[in-house]
Amino acid sequence: MRNQRFFKGLILLLFVLIATQSIQAQDLLKGTNLSLLKADAISPTDLAKLKAQLTSSGMSIDQAEQMAISKGMPAAEAAKLKQKLGNNTSVLTGGAEKQMAVRENSNAESIDNAKDMRPGVAINPLIFGSELYTAAALSFEPNLKLATPVNYILGPDDQIQISVYGVQEYNGNLAISPEGSVTIPSVGEVKLAGLSIEAATQKLKTVMGNTAYSYLKSGGAKIAVTLSKIRTINIVIIGSVKQGNFKVSSFSSVFNALYIAGGPSAFGSFREIELIRNNKLVQKIDLYKFLLNGDQADNVGLKDNDVIRIPTYQSRIELQGQVKRPGIFEVLPGESISKIISYASGFTDTAYKASLKVFQRNEKERQVLDLLATQFESYQPKTGDVVVASKILNRFQNRVTIGGAIFRPDVYALSPNLRIADLIRRADGLKEDAFTGRAQIIRLQEDLTRSILSFDVKKALAGDAANNLLLQREDEILISSVLDLRETFTVSIQGEVRKPGSFDYVEKLTLKDLILQAGGFTDAAFKNIEIARLLKRDSVAATDNRTGIIIRTEINGGDLNSSNANIVLQPYDLITVRKIAGYQIPESVTVSGQVQFPGSYALSNRKQRVSDVMHTVGSFTQEAYLQEAYIKRYESDVDKERTERTVKNLQKKFKDSTGTLTTDNTTAFQIIPINLEAALKNPGGLADLILKAKDEIIVPKYNAIVRVSGEVLVATQITYQENQSLKYYINEAGGYGYDAWKGKIYVVYANGKVSGTSKFLFFKHSPTIKPGSEVIVPKKITKASKGTSAGEVMGMASVMASLAGVIIAILKL
């Protein structure tokens, strides 16, 4: 029994201690002895209550720590308590820090949530004013950084910053309690609800001056009161997209509230919104004043328990067509259609302003009304009207056109009694080349067909009534130029002039004039000149074979002052200036390779041969390979044209679509093998070829290598062995390959000459191998089971190209 009593007593003692700790924690600001208070023993609930006390009293954490130590709390425990309080950022700081606090909304979260719940697009975008509530970038949030309005009335949940400075100092951030008062340390409760900031400042100065802050009365200290956190107010919005009760900032206005509620509903009015306060209508809001003029006179501030009522609209019409802002507009009683058009910013530049089409509804059906411009001010539209502004016609009511040989061809206005002569003078008159004998008027008939009227321009300008016709709308006058009616003639000159070609014929053009236009004679011009002239005749006899008239003349030494140069030319004359017989500019050939003096050498006569040039060149180098010399001959324009023509004919004959014939036979030059040694031993013989201008004689270097390629085991290069046969070199390359075409082996010599294997009866002949040669073993053509392979096509194309080359070479001989 004794033990049971002991334990019961111990439990009761612990309970009392814990209760004491709790009471001391809750009464930190009012208690006198905190020596037994442990920071770790304070529960979260008690800590929250302690924070609330600090907040209401405006005391900082540092001030609370010093107070706890002064009341007996150990410094270590006070530091722990300070750390616990500092971990929560919601505890308000005092002193100078609080003076820099930014004004906040005491219930910002509820306002943000209401804004986020606002529908994105709940209003017909055609309704005028809907963009206020559908534009994502637009916002009507109240500005909390403005100075406190003069007429702002304090109320519960407002938070004020009180600063006393001077001889005495005090800084506190105090919230107005639901009873409308604030509690100031060493002063007590002061009721501020219902007062403006100015009145509250004066009252606080009086009350605090009569208590702990006596220097406020004497002027030794000053007081400043600002609004640091504003309260929220409750309002009701009905008739909006999102209607109901809203908590908004006490700074909010009607426009703020409408934005949060998403604006008027689909049938809500934009022009007769009501603000009801204390069951009385205090303001009617017309949003059109703001939309059209930026007038915010109706954007009044809200108070607690205000009601914003959005009634349904009474009358709406729709404007379509050529107005600057088509859409649906709300119409108040007494407003005319002219007023509504001004709401739409007026007509566009292309609008037909003489009348409007009004599509109305009656009790049974629809009807159309033609509304003239004179009725715009008086006509009051009815709800449901659809008003359409049409576009002006794409036509001119007073246009005439004049063109041709006048100075200012253009479009002109058709004035009353405008005649042809009047319009010509308005266009600054006729040009010098105008044909005045006859002109035309293209006239638009009533059935929109066109007719033509002719008149004499000269008589019309003289005032002749029969020709100076009265013009009508859309008339088009065309006055021709004599240059347009005259054929353009030319004369041509060819031969030995600097700029041969065709030239415009003019009256009295002479042979001398034409030669000068052609740049004069060349140095090769001969005195004989021929003029071929058009033969004009009415009929042709069966025995008359003439095609023109030939006129021959002479101009000696290019003297254009002679009488023969003054022959008057006629249209289409063809003048030919002959070339001096035997006139030829000196030409040359080039010798390169293994010679002592390579370079260019002039041709002294037309039949100069290889031996003639080589005697001039001099001796050869020790490495010269005379047996394999060759000539590189560049084709003249005539040769190129003949080659191209031959290739085209062969392509058609062989049906070559691969382009091989063209590629292989249209080169810039041809290689001609020569036996230079034989040419020098027997000048004028068959080996001694006649040279052409721009020929290049190339004497190659002796090359003691024989190349073997194609279908052999290994393509390689082999040292030349005198008197060795073709078979020797193939064996040196590893022998024939699997697909070697043994009967078609050919050898390409250093000078470009080709020699192939041949067979007669049972005798087979192989080409002789020389230094610098290349032995080529072609691939055997195999037949596919179906069709022709790509390889066969290429092989056949190569054969055709070779054949074409042979034919072309023969043609050039």
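Residues numbered from 1 in each chain as written. Predicted model: local features only at pLDDT ≥ 70, side-chain atom pairs only at ≥ 80, totals over all residues. Heavy atoms only, no water.

**Some details on the overall build of the protein chain**
Working step 1: In terms of helices and strands, the protein chain carries 22 helices and 38 strands.
Working step 2: Evaluated residue by residue, the protein chain yields a buried proportion of 38% over its 813 residues.
Working step 3: Of the contacts made within the protein chain by residues no fewer than 6 positions apart, 63% connect residues no fewer than 24 positions apart.
Working step 4: In the structure as shown, the protein chain presents an accessible area of about 47,400 Å², 53% of it carried by carbon and sulfur atoms. (Helix = DSSP H or I, 4+ residues; strand = E, 2+ residues; numbered from the N terminus. Buried < 20%, exposed > 50% of the residue type's maximum accessible area, 1.4 Å probe, protein only. Contact = heavy atoms within 4.5 Å. Areas by Shrake-Rupley, 256 points an atom, 1.4 Å probe, with all protein chains shown as cover.)

**Points about the packing of aromatic side chains**
Working step 1: In the structure shown here, the tally under the stated rule is twelve aromatic pairs.
Working step 2: Seen from their ring centres, Y133 and F270 are 6.5 Å apart, and the 55 degrees between their planes marks the pair as tilted. Of this pair, Y133 sits in helix α7 (residues 131-134) while F270 sits in the loop between α10 (254-260) and β9 (273-277); the two residues are 137 residues apart in sequence, bridging distant segments of the chain. You'll find Y133 and F270 in the same group, each marked buried.
Working step 3: One aromatic cluster in this structure is built from F128, Y288, F329 and Y343. (Phe/Tyr/Trp six-rings, centres within 6.5 Å; stacked < 30°, edge-to-face > 60°.)

**Here's the deal with the sheet that holds strand β14 (residues 355-361)**
Working step 1: Taken in spatial order, the five strands make up an open sheet running β13-β12-β16-β14-β15, and their pairing is mixed. Each of the sheet's edge strands pairs with one partner strand only, and the pair in question is β13 (327-330) and β15 (366-372). Between one strand axis and the next, the sheet turns through 25 degrees on average, direction left out of account. (Pairing = 2+ DSSP bridges. Axes fitted to C-alpha atoms, helices over the stretch in contact; angles between N-to-C directions.)

**Side note on the pairing of strand β16 (residues 386-389)**
Working step 1: Here β16 shows a buried face lined by V386 and V388 and a second buried face lined by V387 and A389.
Working step 2: Pairing between β14 and β16: three bridges, direction antiparallel. The partner of F359 across the bridge, within β16, is V386.

**What about the pattern of salt bridges?**
Working step 1: Applying the stated criterion to the full structure yields 20 salt bridges.
Working step 2: Its salt-bridge partner being R399, residue E474 comes within 2.9 Å of it at the nearest N-O pair. With a gap of 75 residues between them, E474 in the loop between α14 (457-461) and β21 (476-479) and R399 in strand β17 (residues 399-404) connect regions that are remote in the sequence.
Working step 3: With a shortest N-O distance of 2.7 Å, R633 and D695 are connected by a salt bridge. You can see R633 sitting in strand β29 (residues 630-634) and its partner D695 sitting in the loop between α20 (676-681) and β31 (696-699), a full 62 residues away along the chain. Across the pair, D695 and R633 agree in class, each one buried.
Working step 4: What emerges from the salt-bridge pattern is a single network uniting R271, D286 and E335. (Salt bridge = Lys/Arg side-chain N within 4 Å of Asp/Glu carboxyl O.)

**Here we look at the nonpolar core**
Working step 1: Ranked by size, the top nonpolar core spans 46 residues in total, and within it I308, L319, I337 and L356 carry the most contacts.
Working step 2: Ignoring any residue separated from it by four or fewer positions in sequence, one finds I337 in contact with I317, L319, L356, L371, F376, Y379, P381 and V387. (Core = buried A, V, L, I, M, F, W, Y, C linked by side-chain atoms within 4.5 Å.)

**What to know about a nonpolar patch on the surface**
Working step 1: On the surface, a cluster of nonpolar side chains totalling about 240 Å² of accessible area is made up of Y634, F669 and I671.
Working step 2: Its place among the elements puts I671 in strand β30 (residues 669-673). (Patch = residues over 30% accessible without salt bridge, like charges linked within 9 Å, V, L, I, M, F, W, Y side chains within 5 Å.)

**Some words on the side chain of N467**
Working step 1: For N467, the location among the structural elements is in the loop between α14 and β21.
Working step 2: Here the side chain of N467 touches D456 through a polar contact of 2.8 Å, landing on its backbone nitrogen.
Working step 3: In contact with N467, other than residues within four places in its own chain, are I420, F455, D456, K459 and A460. (Polar contact = N/O pair within 3.5 Å; in protein donor to acceptor, adjacent residues only side chain to side chain.)

**So, the sheet that holds strand β34 (residues 746-748)**
Working step 1: With mixed pairing, five strands are arranged side by side in an open sheet as β33-β32-β38-β34-β35. Where the open sheet ends on each side, the last strands, each with one partner, are β33 (716-719) and β35 (754-756). Across the sheet, the mean angle separating the axes of adjacent strands is 25 degrees when strand polarity is ignored.
Working step 2: The sheet contact formed by strand β32 (residues 705-710) and strand β38 (residues 774-777) spans four bridges and is parallel. When the bridges of β38 are listed, V708 appears paired with V775.

**Notes on the confidence of the model for the protein chain**
Working step 1: In this model, the protein chain carries a mean pLDDT of 81, and residues with pLDDT of at least 70 account for 81%.
Working step 2: A low-confidence stretch, residues 10-26 (pLDDT under 50), is modelled with 16 contacts involving residues beyond four sequence positions or located in other chains.
Working step 3: Long-range and interchain partners of residues 107-121, a stretch whose pLDDT sits below 50, account for 24 contacts in this model, where long-range means more than four residues apart. (pLDDT = per-residue confidence, 0-100.)

**A look at a positive patch on the surface**
Working step 1: A cluster of like positive charges, contributed by K742, K759, K764 and K780, occupies part of the molecular surface.
Working step 2: Take K759: it is sitting in strand β36 (residues 758-760). (Lys, Arg positive; Asp, Glu negative; His and termini not counted. Charge placed at Lys NZ, Arg CZ, Asp CG, Glu CD.)

**Section: unusual backbone geometry**
Working step 1: Not every positive phi belongs to a glycine, and L448 is a case in point at roughly 70 degrees.
Working step 2: With respect to the element layout, L448 can be found in the loop between β19 (439-444) and β20 (450-455).
Working step 3: Under the relative-accessibility criterion, L448 is labelled exposed at 63%.
Working step 4: For K694, which is not glycine, the phi dihedral falls at a positive 75 degrees.
Working step 5: For K694, the location among the structural elements is in the loop between α20 and β31.
Working step 6: A relative accessible area of 62% places K694 in the exposed class.

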